[in-house]
Structure formats: C-alpha cells, structure tokens
Amino acid sequence: MSWVGRSIRRVEDPTLLCGAGMFVGDIGGAAAVRFIRSPVASGLIGGVHGPAYTIADLDADGVGNIEAVLHRPDYVRLAQPLLARERVRYVGEPVAVVVGATAAEAEDLAEQVELDIEPLPAAVGLEAALAPDAPLVHPAESESNVMVAGEMATPGLVEALEAAHVIVELEIVSGRQAALPLEARGSHAVTERFGGRTTLHASIQAPHMVRTVICDLLGMPEADLRVVAPDVGGAFGQKLPLAREDAVLVWLSRRLGRAVAWIEDRSENLMASWHSREQRYRLRAGFDVGAHLEALQADVAANVGAWPCYPITWGVEPLMALAELPGPYTPEHYGVRSRGIASHTCPMSPYRGVSRPVITLALERLMDIAAARLGVDPVEIRRRNLQSDFPHISPTGLRHDEGTYREAMELAVSHVDLGAFRARQSAARAAGGPQPGIGICTFSERTGYGTPAFAARAMGVTPGFENVEMSMDPSGYVTLRIGASPHGQGLETALSQIVADELGTDPSRVRVVASDTDRTPYGWGSFASRAMVLAGGATHLAAQKLAAQLGSLAAEVLEAAADDIVLADGRATVAGTSVGVDIAELARIAHHHTQRLPAGAVPGLSANAGYDPGGTFSNACHVAEVEVDPDTGGVSMRRFVVVEDAGRLINPMIADGQIRGGVAQGIANALLEEVVYDEDGNILTTSLMDYLPPTVAEIPDIEIMHLETLSDATVTGAKGLGEGGTIGAPAAVLNAVNDALAHLGVELNEMPATPERVRAAVRAAAGGNSAGETNRSTQEAPVQ
Amino acid sequence: MTEISAADVAVPVVLRVNGNEYRISAEPRRTLADALRDDCGLTGTHLGCEHGVCGACTVLLDGEPVRSCLLFAVQAQSAEIRTVEGLAAADGTLHPLQEAFWRHHGLQCGFCTPGFLMLSAGVLETRPDIGDEELREALSSNLCRCTGYQTIVEAVQSVRDAGEA
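Residues numbered from 1 in each chain as written. Chains lettered and ligands numbered in written order. Predicted model: local features only at pLDDT ≥ 70, side-chain atom pairs only at ≥ 80, totals over all residues. Heavy atoms only, no water.

**Details of the overall build of chain B**
Now for step 1: From N to C terminus, chain B includes five helices and five strands.
Now for step 2: Along chain B, from the amino end to the carboxyl end, the secondary structure elements read β-β-α-β-β-β-α-α-α-α.
Now for step 3: The C-alpha atoms of chain B give 16 Å as radius of gyration, which agrees with the globular expectation for 165 residues (15 Å, within 12%).
Now for step 4: Expressed as lengths along the three principal axes of its C-alpha atoms, the size of chain B is roughly 55 × 30 × 25 Å.
Now for step 5: Residues classed as buried in chain B amount to 56% of the 165 residues present. (Helix = DSSP H or I, 4+ residues; strand = E, 2+ residues; numbered from the N terminus. Rg over C-alpha atoms; globule rule 2.2 N^0.38 Å. Buried < 20%, exposed > 50% of the residue type's maximum accessible area, 1.4 Å probe, protein only.)

Below is the structure:
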C-alpha cells in the first residue's frame, strides 16, 4: 500500500499543540533591540541624538550595502544601507537602533532618541509618483521614479487589434496589502565568546540565502555564521527577503559580544515590514466574432515602494505580470509594458501569489465583461478560450504542461448548479434587498520552477535548485536533511510519505531536518509553491538511490538478484517468495557487519540528490457565491467551490489545508484588507483594528474537488499549489459582486471591494455623483 | 534619564498557573502575557498583536477566556490561570481538543493554536451544548492566518459532539 496519496496526520503537530514550539520570541536570554524609525515619508537626516547606533557606526565597521540586482538595461541599481543614510524614504524606515536589558527598557531608551529630520515632499501613490514633477525617491540614481520597465510585443499585435470584432478596455486596480503572518518578524543573535562564531535565529523562509547575504555585508566567512529558522509563525512571502534588521542584529551581537533579540511588534510589522500588490492594469483586448480572445495589450504599473527587496528585487511584481499575464488563455498576439514605480512608501516583497491575484483579477474581469458585451455566457466564453492543447507555449515563451482548465471549470459549474442559482437570483431581483451573485475564475499557477526560470529574470543572485541528504542509521530510521525551509505547510510529513514508499518503511521512521544552515545542505528555502516539487523531487531521487543500496545489500544477504528484491512493510523480500530480511537488520549490517557488504560497497547507508526542474503549471477553477446589499455596500460570502488540479497529491489533507488557507487570504484581499497611506505618506493602518484580516465570520466553508493530472515536468508527478487559493479567490469574489449588481449596471474593478467602493459603484451606476474616483472602469483606459 | 514611576518598580507577584504557584517579581506595568512567557517560562502563550485583537495570547482566568496581553500580571494574582501547557494530561495524553485539532488539520504554523485551544476549552467547558452558529461567533474572537478556519471549527464541533471537553 502506498503512503503517497494518504491523509496521514502531521508529524509537526504534537509539539505545536502542546505549546512547546520554539518561535524566535521564545528563545530569550538576550538584550532587547528596538529600531527607531522614520516618522516622515521623505526627508533629510540632520542628526540622531541619544543613546543609539546609526549608519555611521555600521560604516565605521565597514559594513556593506544591500544590492538587489537585475541585469537589465531598464533596471535602476541602488546600494541600500542597513540603516537610513542621509535621507529617509518611507514612514517606518529604520534610522537608528538601541539595545536595552529588557524590551521595556529598550522602549524607554528609544523614547530618548531624537531624530532631526527635515521633511521633504513625498510621492506616495502611483499617480503621484508618476507625475512629471513628482518628488524623486532616489534623485541621485534616477531622473524618474520608474525603476524597472519591461516591454514586449508579438509581431502583428496592432493589426490584430484593428481587425478585432470587439475591443474591450478596462482598468483594474489592486489596493496595497500585507501578508500579515500572525507571528511578526523577529531575530535573535548570539556570538560565542571564544571563536567568535555567531548564531542567528530568525523568523525567515530562506536561511541559507540569509546567511550568504549577511556574511557578504559583514565581510565574514559563511562558516562563521549559523542561521536557523526555528518554528515560524506564518510567512506567506513576507519573510523571504533579507530583513535589514536581521543583518543589524548579527552586527550588534558581534560588536557587543552579547546575545541580542529583536521582536517586531504588530505596528512595526504593518508599517515597516513588507507590503505588496499595489498595482494598476489597463487592458485592451480584441475578440473575434466567435468571442475568441485574439489580441491582448496591457499597461501595468506597480507601486514598488522605496527600496527593492533582496534577492528578488522590485522587478518581481511588474515582470511577473509581464511574463504571465496571458494566464490560462491563448491570445495569439500579446503586447505589454510593465513598470515598477518607486514611491515614498514601505518596500514590497512577494506575497502569496505575487502578481497573479491581480493578473487573474484582470483577466477574469475581462472575460466577464467581454461575455456581456458579446452576448455570450461567462462559462461559454471561457470554454472557447482556455488552453486545451498541451504543451501550450505562451506568447512569452512559457511552457504550460498538461492541465485541465476546461474540465475543472465544467466540474465546478456543474457542482454549484448554475441553473438553480440563476432562478434564486431572479427571485431576489424581483424582491429587492440583498442580491446574490456568482463569480467564476479559472487560472493557472506556475509552480515548482528551478534555476532556468530564475535565470531568465537575470537576477544578481539566481535561486533555483534544492538538495537533500538522506541516511539510514543502524536502527533503520531515516534522517532526511533538506535545504528547503518549511514553516507550517506540513512538508516534513509529506516528504516522509515519499521516503516511506521508496524504502518500504513507515513514515514514523523518518526524521526531517530543515531550516538550520549547520545541519542541512545549501538550498533556497520555501517560497513560490516550490518545496513539494523541488524538495519532494530531490527526496524521491535520493530515496531511489538509498533503495538501490538496500536492494543490493539484501541481494547479497538473501543470495538473490538485486532486481528481484522488493522493499515493503519494513522488509526486503525476494519477489514472489516469503524469503526476506528486515530493513532494520540490513541497516545494522550496513554499519556493524560491513564485512558482509557486496564487494566495493561503501559502508553505511546514505544518498544525496539535487533537483532543479524547469517548472510546471497547476490549474484550478474557483466559484464564489456572495450576497451584496446595494444599500450598505456590504458583501457576505455564501459559498466557495474549488476544483484544483495540482498533479499527484502526496497528502490530500495537507493540500486541502493549503487551498483553504489560500482562499481565505484571497477573499480577504478581495473584500477587506488594505494598507492605507494619506497623501503625505503617513500610514493609517497600523493595527489589526484598521487593517482587517478575516475572522471565521467572514470565511465560508470551502468545498474542494481534485483532478490529478500527473505532471510530466516533475519526477513525482506533483505540481505546487501553495499560492493558488489566493490567486483565484479575488477574481471569483469580484466577479460575483459584479454579477450580484449587474442588473443595476454596476461595474466594480477595484479590490478590496469595501462597502465604500461598492456603494460608490452603485451610486455611479445610478448616475449619481462623486463616484468617479473609485469606479475606475468608468474612466477611459488608454494603452500607450 | 526617564523619570522613574511606581509602574517601573518591581513588586512581588504570585501567579497560580496550571495548578503550580509561581512567585515572581514584576513591574506593575508588566502584562500577564509577558509574565507568563518571561517570568514563568510558559512560552506556549503567544503574542500576535498586543492590541487585544488576534487572540493568540488567550488563556483561561478562572475558566474565562481572556487576552493575556490586555491584563497586568498583578491583576491575575488571585485567579486560577490555565495555559496551553496545562491542557495535556501529566502523562502526556493529549486533551481531546488537541487530538481533534490534530485529526482535523486545525493548525498549520501553530502560532495561533494555543490561543484557539484555550478559547475553545473555555467555551466548551461553560457551554458544552453550544450551537453551531454561536460557536462560530465565539471562535471569531481569534485570528488564524493559515487554515481558513474551517478545520478549526470542525475540530471544536467534533469535541462538542462527543461531549469530551
């Protein structure tokens, strides 16, 4: 019986359930560090007065600058200091740092520090940053706030648009959002008194990468820094880039010779961690008479904040939009300009889905609007346009392996019974009051990509591969050391299932070691829906090697042919017979009776493997049912259906958990969550009373169905799915809100669809005034 | 130097947590959450916002779920406090709620889990027959960023239905 495919309980859970997890804030025994942050969005630093360290102290120690680089001619290169130097560029930017015996004392000390900053005009929103006379965020390095500008077009685009039967134009806007892990960031650094080696515990997603960059900045050998990600209380991309604070902690600990800890508070996290998703898409799409999308032209602008993130850079959002915008559809002609615009706001990092929630929102609103214009049903227009020949090569050269775009949609819409819904909707429209609406979203999720995909981005640092080291000890237990860095996903459990199948053992006999640079092979960590594919693939390959070693040893012991040995249920047996030996006995022999090993065999049982695939595409269809009150603008979720195809499912329970959690974030992105600045760059959403993650009251049960198209692009047949829930849900919800109010002529293309925005859209549709600001779709949407 | 106020001078505080007595010295401004974590060494109680919104720091005070980030340690002196560390039996047998969260996949990163467990324990002990809608209402006190909540609700419902809490 196979372990892969079974919903076994997670090995991670008992510790966490007993409150015995070890998060950074639980380590203790350290002096408390507090950062003093800029109170203004833009300004010149006149001086820092008080008991604090500043950039001058780092400079005196020769600490370097962060350089997050893309090797592209249109990319502005910057050197970012670990604390602000001369100039502050966003509210919350770290300017100075104090160290106190306790957190309370550090806060008291911080209050004694005075920042002398001369405020300057700030460019806050996209429009302000793009204005001809906009204040510049990096005036010494760039004459505009455009920091990266990608452009491409297929030949014949203009002609195809001219020849189109119908042109649909629309503008899509996404508010700024925060990943909001429930555990904010934090780190703890201690330096050995003798030997001078430093250990950094930090709440992060990529410990090996963090070790490299901090050692580069501090000019120290990597062997002298151990980086550990202990239990991490959620991350969702926010803990992927290097935190300046973590590098400062290592410097402080080495300079002071003492243990220091920084535990970010929630206000800091909302103000000065990382944001994402503030984007505007202007689409111009040409459809033929049969409602086929023939040509797609887009102008994308992403507000990328004041600094790039390392190593992903601030190209990640605009350039992902450029590369992946055609999504699951097949326009023959595609043209795009996509720019990253700097502003005096918090920097951006990837957040679950990165640009794809907005890409998908744009495409799926486009499909619904085009369907209405062409008099075609929303299901039918997708049926005519979704990929169905595989592999499909996109206009930007991405290879989509086999998926089930149409099948997933057909299954989802038949499950929800669209006919019955429409009857209910007609009755509700006749009755007035709150209105039901239904929205469909089909999308692809690019996952599990290695070095080739990252190399195509021309990054200064190219992530990609994953390595694992596997050994079986004399007791027959397996230790698997991985470069990936799981933080709540359940990867340890899923990998143990892969190992168990290959070695014929039980998952409970597998121990996974992760997230500690002293104990694991170099790897890139957990992000981009990659760990199951990458670390899972490497695990599969290493386990096959170890199985071969066990097989040849068993053949020697049992005097049989190695090809005839079957590993199952803890035993190695000769196929078709009852002749066999316990795997634990083989493990003993491999270590303690090596004279019995086959000639030339290496003592012990161990195997390493690396894996670095080109990538694969998952796909899914989401259907959201909402109820919208046109009088209050309130939206409540009534139903949510997901049909997901992520290839082979290793542990369906864990996969469903990823989907449900992702959908919850996507619903919140669609309706609730928004980081708000005033026009001077003061941030208005610095507590969970202002920034609104959902509670159980806002999230319905998620009905999930799976299709399993085994990927030919991965060794396990699995595809990633960690981000899909968040990618698809916003579009499904926005389409549902629009469907609910379609009879009123409402069109709402901005998320989050807060009650204010819904009301404004209702008023605008009724011919009222003052709604033009928020109902962007009423504006012309020219594309340059 | 900052002026020293009475709130900054540590006073002796006695806390009864999970049946054990902790004699600590704490400034009157010290929150119960900080005292539990830093002075009693009970780090299972987590801090997610320190504004009383997320509920990760929920503990039971005389059986009532409370936000330990919004209470001062000195306010909890005469109370029986229960934290996640006291849920499992002394021999390590998991509490039915812990078992149910495990079985239903009611946790991922585990950071909110102690708060949800204590909230659920408080709710089910006082209202063992709580209806589905009221249970959802009660569980909306706390935030989880990983699970989407459905499996947490199912876990608590299963314990309620079995009458185990």
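**What to know about the domain arrangement of chain B**
Residue and element names in this part refer to chain B.
Now for step 1: For chain B, the assigned domains read domain 1 (6-86) and domain 2 (96-162).
Now for step 2: A C-alpha centroid distance of 22 Å is found between domain 1 and domain 2.
Now for step 3: Listed per partner, the contact involves 17 residues of domain 1 and 14 residues of domain 2.
Now for step 4: Summed over both partners, the interface of domain 1 with domain 2 buries about 1200 Å², with 61% contributed by carbon and sulfur atoms.
Now for step 5: One salt bridge in this structure joins Glu125 and Arg82, with 2.9 Å as the shortest N-O distance.
Now for step 6: Of all the elements in the fold, those that place two or more residues in the side of domain 1 that touches domain 2 are strand E3 (58-61) and strand E4 (64-67). (Domains from an automatic or database assignment. Contact = heavy atoms within 4.5 Å. Buried area = accessible area lost by both parts, 1.4 Å probe. Salt bridge = Lys/Arg side-chain N within 4 Å of Asp/Glu carboxyl O.)

**Re the sheet that holds strand E27 (residues 702-707) of chain A**
Residues and elements named next belong to chain A.
Now for step 1: Within the open sheet, the four strands sit side by side as E17-E25-E26-E27. Their pairing is mixed. Looking along the sheet, the strands with just one partner apiece sit at the ends: strand E17 (435-447) and E27. With strand direction ignored, the average angle separating the axes of adjacent strands in the sheet is 15°.
Now for step 2: For strand E25 (residues 616-628) and strand E26 (residues 635-645), the ladder comprises ten bridges, and the chain directions are antiparallel. By the bridge assignment, Ala624 is partnered in E26 with Phe640.
Now for step 3: Against the sheet, helix H12 (residues 405-416) contacts E17, E25, E26 and E27, and its axis sits at roughly 25° relative to E25.
Now for step 4: The sheet strands contacting helix H19 (residues 724-740) are E17, E25 and E26, and the helix crosses E17 at an angle near 155°. (Pairing = 2+ DSSP bridges. Axes fitted to C-alpha atoms, helices over the stretch in contact; angles between N-to-C directions.)

**Digging into the pattern of salt bridges**
Now for step 1: Taken as a whole, this structure holds 53 salt bridges over all chains when the rule is applied.
Now for step 2: A salt bridge links A:Asp518 to A:Arg226; the nearest nitrogen and oxygen atoms lie 3.8 Å apart. One end of the pair, A:Asp518, is in the loop between strand E20 (510-513) and helix H16 (531-558); the other, A:Arg226, is in strand E10 (residues 225-228), and 292 residues separate them in sequence.
Now for step 3: What makes A:Asp518 partly exposed here is its relative accessible area of 38%.
Now for step 4: As a salt-bridge pair, B:Glu80 and B:Arg16 come within 2.9 Å of each other at their nearest N and O atoms.

**Considering the environment of A:Ile369**
Residues and elements named next belong to chain A.
Now for step 1: Within the element layout of this structure, Ile369 appears in helix H10 (residues 356-374).
Now for step 2: C-alpha of Ile369 to C-alpha of Gly615: the two residues are 246 residues apart in sequence and 32 Å apart in space.
Now for step 3: Setting aside chain neighbours within four positions, we find Ile369 in contact with Val168, Leu170, Glu747 and Asn749.

**Quick word on the sheet that holds strand E19 (residues 478-482) of chain A**
Consider a sheet: its strands pair through backbone hydrogen bonds, and that pairing is either parallel or antiparallel.
Residue and element names in this part refer to chain A.
Now for step 1: One open sheet accounts for four strands, arranged E20-E19-E18-E24; its pairing is mixed. Single-partner strands in this sheet number two, and they are E20 and strand E24 (605-611). Each strand axis lies, on average, 15° off the axis of its neighbour in the sheet, ignoring direction.
Now for step 2: Sheet strands touched by H16: strand E18 (466-472), E19 and E24. Its angle to E24, the strand with the most contacts, is close to 145°.

**A word on the domain arrangement of chain A**
Residues and elements named next belong to chain A.
Now for step 1: If you check the domain split of chain A, you get domain 1 (13-120 + 185-263), domain 2 (352-449 + 614-778) and domain 3 (465-611).
Now for step 2: A C-alpha centroid distance of 38 Å is found between domain 1 and domain 3.
Now for step 3: Of the residues lining the interface, 19 residues belong to domain 1; the matching set on domain 3 comes to 16 residues.
Now for step 4: Carbon and sulfur atoms make up 51% of the surface buried where domain 1 meets domain 3, a total of about 1300 Å² over both sides.
Now for step 5: For the domain 1 face of the interface with domain 3, the top three residues by lost area are Gln205, His208 and Arg226, together amounting to 43%.
Now for step 6: One can count three salt bridges joining domain 1 with domain 3.

**Side note on the packing of helix H3 (residues 113-126) of chain B against helix H4 (residues 132-139) of chain B**
Residues and elements named next belong to chain B.
Now for step 1: The contact between H3 and H4 brings their axes to 10 Å, and the two run at 140°. As judged from the angle between their axes, H3 and H4 are oblique. Crossing of H3 against H4: the hand is right-handed. Residues Phe116, Leu119, Ser120 and Val123 of H3 touch H4, and the partners they reach there are Leu135, Ala138 and Leu139.
Now for step 2: Residue composition of the contact of H3 with H4, grouped by class: six nonpolar, one polar and no charged. (Parallel < 35°, antiparallel > 145°, perpendicular 65-115°, else oblique. Left-handed = near helix turned anticlockwise from the far one by under 90°. Nonpolar A, V, L, I, M, F, W, Y, C, P; charged D, E, K, R; others polar.)

**Observations concerning unusual backbone geometry**
Residues and elements named next belong to chain A.
Now for step 1: In the segment running from Tyr310 into Pro311, the intervening peptide bond is cis, with an omega of 0°.
Now for step 2: With respect to the helices and strands, the residue Pro311 is situated in the loop between strand E13 (293-305) and helix H9 (316-324).
Now for step 3: Looking along the chain, the bond that leaves Phe390 and enters Pro391 is cis, with omega of -5°.
Now for step 4: Within the fold, Pro391 resides in the loop between helix H11 (378-385) and strand E15 (392-393).
Now for step 5: The phi dihedral of Ala291 is positive, around 70°, even though this residue is not glycine.
Now for step 6: Structurally, the position occupied by Ala291 is in the loop between strand E12 (279-287) and E13.
Now for step 7: Overall, Ala291 belongs to the buried group, its relative accessible area being 1%.

**Considerations on the packing of aromatic side chains**
Now for step 1: In this structure the tally under the stated criterion is nine aromatic pairs over all chains.
Now for step 2: Judged by centre distance (5.8 Å) and plane angle (90°), the ring pair of A:Tyr53 and A:Trp251 falls under edge-to-face. Of this pair, A:Tyr53 sits in the loop between strand E2 (43-49) and helix H2 (55-60) while A:Trp251 sits in helix H7 (residues 244-256); the two residues are 198 residues apart in sequence, bridging distant segments of the chain.
Now for step 3: Three or more aromatic residues link up through ring pairs in this structure, and these residues are A:Tyr449, A:Phe454 and A:Phe527.
Now for step 4: Here the basic side chain of A:Arg9 rests over the ring of B:Trp102, its NZ or CZ set 3.8 Å away from the ring centre. (Phe/Tyr/Trp six-rings, centres within 6.5 Å; stacked < 30°, edge-to-face > 60°. Lys NZ or Arg CZ within 6 Å of the ring centre and 35° of its normal.)

**Let's talk about the environment of A:Pro326**
Residues and elements named next belong to chain A.
Now for step 1: Position of Pro326 among the secondary structure elements: in the loop between H9 and strand E14 (333-342).
Now for step 2: With relative accessibility at 3%, the residue Pro326 sits in the buried group.
Now for step 3: When the C-alpha atoms of Pro326 and Ile359 are compared, they prove to be 8.4 Å apart, with 33 residues separating the residues in sequence.
Now for step 4: The residues touching Pro326, leaving out its near neighbours within four places in the chain, are Leu296, Pro331, Tyr334, Leu363 and Pro395.

**Section: the interface of chain A and chain B**
Now for step 1: Listed per partner, the contact involves 51 residues of chain A and 42 residues of chain B.
Now for step 2: Of the roughly 4100 Å² buried at the junction of chain A and chain B (both faces included), carbon and sulfur atoms supply 59%.
Now for step 3: Contact with chain B buries area across many residues of chain A, yet A:Leu17, A:Leu182 and A:Val696 alone supply 21% of it, more than any other trio.
Now for step 4: If you look at where chain A meets chain B, you find five salt bridges.
Now for step 5: Here A:Asp701 and B:Arg136 are joined by a salt bridge, their closest N and O atoms 3.8 Å apart.
Now for step 6: Inspection of the region where chain A meets chain B yields 21 residue pairs in polar contact (both at pLDDT 80 or more).
Now for step 7: Elements with a contribution of two residues or more to the side of chain A that touches chain B: helix H1 (13-17), helix H3 (103-112), helix H8 (266-272) and helix H18 (652-671) of chain A.
Now for step 8: For the side of chain A that touches chain B, the element with the most residues is H18(A), which contributes eight residues.
Now for step 9: Taken together, the residues of the side of chain A that touches chain B break down into 25 nonpolar, 15 polar and eleven charged. (Polar contact = N/O pair within 3.5 Å; in protein donor to acceptor, adjacent residues only side chain to side chain.)

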